[in-house]
Amino acid sequence: MGTAGLAPGLSRKLKKVLESRTDSPDMVASLNTLSMFYTENTPHARRTLRSTIEKRSLGINHEFLLASDAAQQALDLVDEEVNALADCCDRIAKALNSCNATTGDIISTTERLKQELEITTQRQGIVSCFLHDYQLCNEEIKALRDEDLNENFFKALSHVQEIHANCKTLLRTHHQRAGLELMDMMAVYQEGAYERLCRWVQGECRRLGDTENPEVDELLKTAVRCLKERPVLFKYCAEEVANLRHNALFRRFISALTRGGPGGLPRPIEVHAHDPLRYVGDMLGWLHQALASERELVVALLDPDSVADAGPTARRFSNSLENDAGKTEFDLTFVLDRIFEGVCRPFKVRVEQVLQSQPSLITAYKLSNTLEFYSYTISDLLGKETALYNTLGLLKDAAQKTFFDILKTRGEKLLRYPPLVSVDLSPPTAVREGVSMLLEIIQTHDSMMFPALEKKPVFDPVISALLDPIVQMCEQAAEAHKSKGVIHSSRRSRISSDSGQTSKTSIDAILTNDSPLSYSQNSETPSKIFLINCLCAIQQPLVEYDVATEYVKNLGATIDNHMRLLVEKEVEAILRRCGLSNKMPHFHNYISSSLNSNNSDTHLIPLAEMEATSPLSLADSLKVFFGLVLGSENSLPEFELMQVPKLRSEACLQVARSLADAYELIYNAIMDPKNQYPDPKSLARHPPHQIKTILGI
């Protein structure tokens, strides 16, 4: 109610004051600021509060103006400088516009010159490439003409070859005249360079000729590789190398033979001239070692591409030589053949002297094998169409001829003076010596070294040359012993015929009718046994050796033949002693006739009616036969002097079988009724199986 009567304006102010918040941050900050200059709360102060605040605000603004006066002055200065800069830029723009109008021609000229410079640069590159591909620089020309050769020379020579090849391409274009002129110019440079290169290589090769084991440097290898482009010049250099090394090797070989090494070590080869094997072996070993070193030198010098690559310069030359392997091998063989041609004669003379000094049989064979082995070895290194290989072949043939001549002389001596047969029929000493010598030769042959692709020489001629005369000697000795036995047998038969004049029974007549028997027993049988003993003494030691297989087989066949003849002779002698020898043909004819009569009506004469096979004659013969079979142990031959037990047993067994077969034949004929024997069982008292049992079959 009280406020209702207040004026509206006052009412609003009062309401605003009442609604204002005194605890707000703005209010608190305003009151704090007010408290700084409103110190007295008087009516006057309250009435002048607004003016006081306005004065306070005016003072603050005045202080701000005073504080910003310096900044205002600085901004004025900046404004003045910016205006001056703008004026300067205007003047520059005016000057540029003026210059642009005056320098337009210069800019267009510059662009034109720039384009011309690019074209000129391209032409210069083309000219530089042309000069590099078709011209030599001054340094390369100087390198080709200098006396001393170095890597620059070979680079320049390689460049000349490249230019020469490029000119061939140029000839296929419309610049043929230029190509021909350039080719002529490069040909002059090239020929001069190759002539200088050839002279330099020859000089270097002369220097190598005086050295025993020279080293080939890379520069010389490169020079030889380049020189292969000129076959004629390369051949001159190869011949120079061959001649120089030929003389040097000859001097070294003679020095090794007579003076030895430096300081006397190794000793001279001729010190061992009394020992043929070592003497020839040392010479061959020296030649083989020299061949290996000389081949290494020649390959390194004349065919360096096969040893090692000498660098990029060398590869440029070697690319054109890939298809020349056959020609290079021929050049190497020619050079090596020439180098070793000089040592062939002194080596051949000394080996021939050794062969003429009458070496022993074993020594001659070992020399032949040694020469043959080195001929194979040297042929692999040097080739077969060379003087040294041909010399070794001739010496090998000479050694083999010496060996076989010794065998021939030895065989002729054995055949000229055959030994006497000993009492025990043992082989003579010459057989054992010959077999022992052959075994030593076989061991030497088996120990021979040969290349894997080569076959060992045939050994059968050696065996035949050594053993055939021994076998012939044994046959002659056996024949002489047989002839001597015939003389003694005939003499004994004359003595017995003169002294024996008493009466004899039929059995005694049969027993005294054995003068042919004594011929068999006293002459032929011992000679056969002697011959079998000799052949067995030769055969048995050779059985375990493969190289003698064929000869052992032939000896076995010969022994079997002699065994068969010996058994046949002994059986014939026994049958003759019993009086059955002249009767056996009738029994054989009877068997064959009986077989034929089965197919025909032919009438056969009975055996009992024949005089030779009559019962009385046959009874006497069988009585003697039974006496021999059933008698003492010495009744049948036992071949005690045969030295091989197996053959001795076999011979006895074959004799027993032959006698048993003969008796079985007689027994069957007697028991056959067609033969009309009276009382056949009393005539042939023992059946065949009993005889076989008695004979131990």
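In this text, all values refer to a predicted model and were calculated from it rather than measured experimentally. (Residues numbered from 1 in each chain as written. Predicted model: local features only at pLDDT ≥ 70, side-chain atom pairs only at ≥ 80, totals over all residues. Heavy atoms only, no water.)

Asks: Sorry, what's going on with the overall build of the protein here?
Replies: Looking only at helices and strands, one finds 24 helices and zero strands in the protein. Residue burial in the protein is summarised as follows: out of 697 residues, 37% are buried. Partitioning the contacts of the protein with sequence separation of at least 6, the portion at a separation of at least 24 is 76%. On the protein, roughly 41,300 Å² of surface is accessible, and the fraction owed to carbon and sulfur atoms is 55%. (Helix = DSSP H or I, 4+ residues; strand = E, 2+ residues; numbered from the N terminus. Buried < 20%, exposed > 50% of the residue type's maximum accessible area, 1.4 Å probe, protein only. Contact = heavy atoms within 4.5 Å. Areas by Shrake-Rupley, 256 points an atom, 1.4 Å probe, with all protein chains shown as cover.)

Asks: What is the right way to read the side chain of threonine 613 from this model?
Replies: Position of threonine 613 among the secondary structure elements: in the loop between helix H20 (584-597) and helix H21 (615-630). Within polar-contact distance, the side chain of threonine 613 engages the backbone oxygen of leucine 607 at 2.5 Å. Beyond its immediate stretch of four places on either side in the chain, threonine 613 contacts Lys583, His586, Phe587, Leu607, Ala608 and Tyr677. (Polar contact = N/O pair within 3.5 Å; in protein donor to acceptor, adjacent residues only side chain to side chain.)

Asks: How should I be thinking about the nonpolar core in this particular structure?
Replies: In a soluble, globular protein the nonpolar side chains are often hidden away together inside. Membership of the largest hydrophobic core comes to 86 residues, with the highest contact counts inside it found for Ile441, Ile538, Leu542, Leu618 and Met642. The element best represented in this core is helix H22 (residues 645-671), accounting for 13 residues. Not counting chain neighbours up to four residues away, the residues in contact with methionine 642 comprise Ile529, Ile532, Asn533, Met563, Leu566, Leu647, Arg648 and Ala651. The next biggest cluster of nonpolar side chains, apart from the first, holds 77 residues, and it includes Ala256, Tyr279, Trp286 and Leu395. (Core = buried A, V, L, I, M, F, W, Y, C linked by side-chain atoms within 4.5 Å.)

Asks: Would you mind going over the pattern of salt bridges with me for this structure?
Replies: Two side chains bearing opposite charge may form a pair once their charged atoms approach each other closely. For the structure shown, the criterion picks out 15 salt bridges. A salt bridge links arginine 206 to glutamate 240, with the shortest nitrogen-to-oxygen separation between them at 3.3 Å. With arginine 206 in helix H7 (residues 176-209) and glutamate 240 in helix H9 (residues 231-258), this residue pair connects regions lying 34 residues apart in the sequence. Given a relative accessible area of 42%, arginine 206 falls into the partly exposed group. (Salt bridge = Lys/Arg side-chain N within 4 Å of Asp/Glu carboxyl O.)

Asks: Is there a simple way to think about the packing of helix H4 (residues 49-134) against helix H6 (residues 151-171) in this case?
Replies: To characterise two packed helices, one gives the angle between the axes of the helices and the distance between these axes. Where H4 meets H6, the axes come as close as 7 Å, and the angle between the chain directions of the two elements is 110 degrees. With respect to H6, the axis of H4 lies roughly perpendicular. Where H4 approaches H6, its residues His132, Asp133 and Tyr134 are matched on the opposing element by His159, Ile163, Asn166, Cys167 and Leu170. Classifying every residue of the contact of H4 with H6 by side-chain character gives four nonpolar, three polar and one charged. (Axes fitted to C-alpha atoms, helices over the stretch in contact; angles between N-to-C directions. Parallel < 35°, antiparallel > 145°, perpendicular 65-115°, else oblique. Nonpolar A, V, L, I, M, F, W, Y, C, P; charged D, E, K, R; others polar.)

Asks: Just to check I follow, could you spell out the packing of aromatic side chains for this structure?
Replies: Each aromatic ring pair is summarised here by two numbers: the centre-to-centre distance and the angle between the ring planes. Across all of its chains, the model carries 10 aromatic pairs by this definition. For the pair tyrosine 365 and phenylalanine 459, a centre-to-centre distance of 6.2 Å together with 80 degrees between the ring planes defines the contact as edge-to-face. Within this pair, whereas tyrosine 365 is found in helix H13 (residues 361-382), its partner phenylalanine 459 is found in the loop between helix H15 (429-446) and helix H16 (460-499), the two being separated by 94 residues in sequence. The burial state of tyrosine 365 is the same as that of phenylalanine 459; both residues are buried. Note on phenylalanine 403 and phenylalanine 404: the rings are 5.3 Å apart at their centroids and 70 degrees apart in plane angle, and the pair reads as edge-to-face. On the basis of relative accessible area, phenylalanine 403 is assigned to the buried category, the value being 2%. Put simply, the rings of Tyr365, Phe403, Phe404 and Phe459 pair up and form one aromatic cluster. (Phe/Tyr/Trp six-rings, centres within 6.5 Å; stacked < 30°, edge-to-face > 60°.)

Asks: I tried to follow the packing of helix H19 (residues 549-578) against H21 on my own but got confused; where do I start?
Replies: Put simply, H19 and H21 touch, their axes get as near as 8 Å, and they point 125 degrees apart. With respect to their mutual orientation, H19 and H21 come out oblique. In this structure, H19 contributes Ile574, Arg577 and Cys578 to the contact, and H21 contributes Ser621, Val624, Phe625 and Leu628. Here the contact of H19 with H21 is composed, by residue class, of five nonpolar, one polar and one charged.

Asks: How should a nonpolar patch on the surface be read in this particular structure?
Replies: The grouping of Val127, Phe130 and Leu131 at the surface amounts to a nonpolar patch, some 250 Å² of accessible area in total. Here leucine 131 lies in helix H4. (Patch = residues over 30% accessible without salt bridge, like charges linked within 9 Å, V, L, I, M, F, W, Y side chains within 5 Å.)

Asks: Help me understand the environment of leucine 425, please; the structure alone is not making it clear to me.
Replies: Inspection of the secondary structure puts leucine 425 in the loop between helix H14 (387-416) and H15. In this structure leucine 425 comes out as buried when scored by relative accessible area, which is 3%. What leucine 425 contacts, discounting residues up to four positions off in sequence, is Pro526, Ile529, Phe530, Asn533, Leu641 and Gln643.

Asks: When you look at unusual backbone geometry in this model, what are you seeing that I'm missing?
Replies: Negative phi is the rule for most residues except glycine; trans is the rule for most peptide bonds. Even without glycine at this site, glutamine 358 takes up a positive phi of about 55 degrees. Along the polypeptide, glutamine 358 turns up in the loop between helix H12 (325-356) and H13. Classification of glutamine 358 as exposed rests on a relative accessible area of 73%. Although it is not a glycine, phenylalanine 639 sits at a positive phi angle of roughly 55 degrees. As for its position among the elements, phenylalanine 639 is in the loop between H21 and H22.

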